[in-house]
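If you want the building blocks of each chain, they are given just below.
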Amino acid sequence: SLALGIPVVSTTIGAQGLALEHGSHLWLADSARDFAAALITLLQDEPRRMGLAERGREQVLARYTWDQLGAELVEYYESLTD
């Protein structure tokens, strides 16, 4: 979703291990009440929603493309042979 420029609301567990920041790249909510409130807030606040979508897309394209992940994997494998 982030790569497509769609704003994301996720649980902390759902975003675990990703280099994403709450309020910058996505919105984190761990309870049903907080999740619903986040959705309502983003639906009512277009600038915030669009900013979240834009920054989320930028982060995903910078960190999680096949080229980027492949380069990191090659670097890791090369470090094992040093």
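Values in this document were obtained by computation on a predicted structure and should not be read as measured data.

1. Some words on the overall build of the protein
Piece 1. Secondary structure summary: the protein contains three helices and two strands in total.
Piece 2. Ordered by position from N to C terminus, the α and β elements of the protein give β-β-α-α-α.
Piece 3. Against the compact-globule benchmark of 12 Å for 82 residues, the protein has a radius of gyration of 15 Å, which places it well outside the compact range.
Piece 4. Each of the three principal axes of the protein carries a C-alpha extent, and together these read 50 × 25 × 15 Å.
Piece 5. Evaluated residue by residue, the protein yields a buried proportion of 24% over its 82 residues.
Piece 6. Sequence separation of 24 or more characterises 51% of the internal contacts of the protein that already satisfy a separation of 6 or more.
Piece 7. Accessible area for the protein stands at about 5900 Å²; split by element, carbon and sulfur atoms hold 56% of it.

2. As for the environment of Leu 28
Piece 1. By the secondary structure assignment, Leu 28 is in strand E2 (residues 27-28).
Piece 2. Sequence separation between Leu 28 and Tyr 64 is 36 residues; the distance between their C-alpha atoms is 19 Å.
Piece 3. The contact partners of Leu 28, leaving out residues within four places of it in the chain, are Ser 10, Thr 11, Thr 12, Ala 15 and His 22.

3. Some details on the side chain of Ser 10
Piece 1. Following the sequence through the fold, Ser 10 ends up in strand E1 (residues 9-10).
Piece 2. According to the relative accessible area criterion, Ser 10 is buried, its value standing at 13%.

4. Some points on the environment of Leu 39
Piece 1. Mapped onto the fold, Leu 39 is located in helix H1 (residues 32-44).
Piece 2. Sequence spacing of Leu 39 and Ile 6 is 33 residues, and the spatial spacing of their C-alpha atoms is 13 Å.

The rules behind each value
- Residue positions are given per chain, counting from 1 as you read along its sequence in written order.
- Reporting in this predicted model follows two pLDDT cut-offs: at least 70 for local features of residues, and 80 or more for side-chain atom pairs to be given and counted; totals over whole chains, interfaces and linings ignore these cut-offs and use all residues.
- With hydrogens and water excluded, all non-hydrogen atoms of the structure serve as input to the side-chain values.
- What counts as a helix is a DSSP run of H or I of at least four residues, what counts as a strand is a run of E of at least two, and both are numbered from the N terminus.
- Both definitions apply: the radius of gyration is a C-alpha atom measure, and the globule rule equals 2.2 Å times residues to the power 0.38.
- For each residue, the accessible area found with a 1.4 Å probe, counting protein chains only, is set against the maximum for its type, and the residue is called buried under 20%, exposed over 50%, and partly exposed in between.
- We call two residues in contact whenever any of their non-hydrogen atoms come within 4.5 Å of each other.
- Per-residue and other accessible areas were derived by the Shrake-Rupley procedure at a 1.4 Å probe size, with only the shown protein chains allowed to occlude residues.

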